[in-house]
Structure formats: C-alpha cells, structure tokens
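Residue-level structure breakdown
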Amino acid sequence: MNGQTPKEIGSLSALKELYLSNNQLNGQIPKEIGNLSALEKLSLYNNQLNGQTPKEIGNLSALGKLSLYNNQLNGQIPKEIG
C-alpha cells in the first residue's frame with residue numbers, strides 16, 4: 001500500500017487490531033486514529049510516516065502494543081501515551 005492513511009480510519013470504532021506495517025505509507029498519522037477505542041494493537045512500522053506522533057493515541061485505553069519504528073517521525077513521544 002502507498003499514500004496517506006485516510007482520516008476516515010477513525011470511524012472503525014470496533015477495530016481491535018490494525019496492521020499496516022511494511023508498506024509505503026507517507027504523511028502524518030491521522031489524529032482520528034485516537035477514536036479507535038477498542039484498538040488493542042497498532043502496527044505502523046517500516047513505512048515513510050512523518051511529522052509528530054499524535055497525542056490522540058493516548059486516548060486508546062485498550063492499546064497494549066504500539067509499533068511505530070522505522071519511519072520518519074519526529075518530536076517527542078507524547079506524554080498522553082504514558
């Protein structure tokens with residue numbers, strides 16, 4: 001897959017696992033990803049994502065695994081994730 005992750009992904013509220021690793025996704029991680037309240041695993045590694053990690057990921061209270069490595073993300077890890 002290539003291109004940007006669509007903002008509409010935030011409407012998949014019952015989604016438990018999202019694996020989009022090892023693709024050619026670019027652009028920023030949409031803040032709407034914070035709407036995925038049931039999400040337990042989020043893997044976006046080995047892409048070309050850039051910008052900052054959205055603080056809205058901190059809204060994912062069920063999240064147990066987060067993999068964002070091997071991208072071009074910058075800035076600090078949002079304190080909301082902790």
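Preceding this section is the structure that the text describes.
Residues numbered from 1 in each chain as written. Predicted model: local features only at pLDDT ≥ 70, side-chain atom pairs only at ≥ 80, totals over all residues. Heavy atoms only, no water.

Time to look at a positive patch on the surface. Taken together, the side chains of Lys7, Lys31, Lys55 and Lys79 make up a positively charged region of the molecular surface. For Lys31, the location among the structural elements is in the loop between strand E3 (24–27) and strand E4 (41–43). (Patch = residues over 30% accessible without salt bridge, like charges linked within 9 Å, V, L, I, M, F, W, Y side chains within 5 Å. Areas by Shrake-Rupley, 256 points an atom, 1.4 Å probe, with all protein chains shown as cover. Salt bridge = Lys/Arg side-chain N within 4 Å of Asp/Glu carboxyl O. Lys, Arg positive; Asp, Glu negative; His and termini not counted. Charge placed at Lys NZ, Arg CZ, Asp CG, Glu CD. Helix = DSSP H or I, 4+ residues; strand = E, 2+ residues; numbered from the N terminus.)

On to the sheet that holds E3. Taken together, four strands build an open sheet; the order of strands is E1-E3-E5-E7 and the sheet is parallel. This sheet does not close on itself; its edge strands, each paired only once, are strand E1 (2–4) and strand E7 (72–74). On average, each strand axis in the sheet is inclined to that of its neighbour by 20°, with strand direction left out of account. With two bridges joining them, E3 and strand E5 (residues 48–52) adopt parallel strand pairing. Directly across from Asn26, in E5, lies its bridge partner Gln48. (Pairing = 2+ DSSP bridges. Axes fitted to C-alpha atoms, helices over the stretch in contact; angles between N-to-C directions.)

What follows concerns the nonpolar core. In this structure, Leu18, Leu20, Ile29, Ile33, Leu39, Leu42 and Leu44 are the most contacted members of the largest nonpolar core, which totals 14 residues. Every residue in contact with Leu44, bar those within four places of it in the chain, is listed here: Leu20, Ser21, Ile29, Leu49, Ser67, Leu68 and Asn71. (Core = buried A, V, L, I, M, F, W, Y, C linked by side-chain atoms within 4.5 Å. Buried < 20%, exposed > 50% of the residue type's maximum accessible area, 1.4 Å probe, protein only. Contact = heavy atoms within 4.5 Å.)

Another point: the environment of Ser43. Counting through the fold element by element, Ser43 comes out in strand E4. On the basis of relative accessible area, Ser43 is assigned to the buried category, the value being 1%. With sequence-adjacent residues up to four places away left out, Ser43 is seen in contact with Leu18, Tyr19, Leu20, Ser21 and Ser67.

The next subject is the sheet that holds strand E6 (residues 65–67). The three strands are arranged E2-E4-E6 in an open sheet whose pairing can be described as parallel. Strands with a single pairing partner mark the edges of an open sheet, and in this sheet they are strand E2 (17–19) and E6. On average, each strand axis in the sheet is tilted by 10° relative to the strand beside it, whichever way the strands run. With three bridges connecting them, E4 and E6 associate as parallel partners. Residue pairing across strands places Lys41 opposite Lys65, the latter belonging to E6.

Keep in mind these numbers describe shape, not what the thing actually does.
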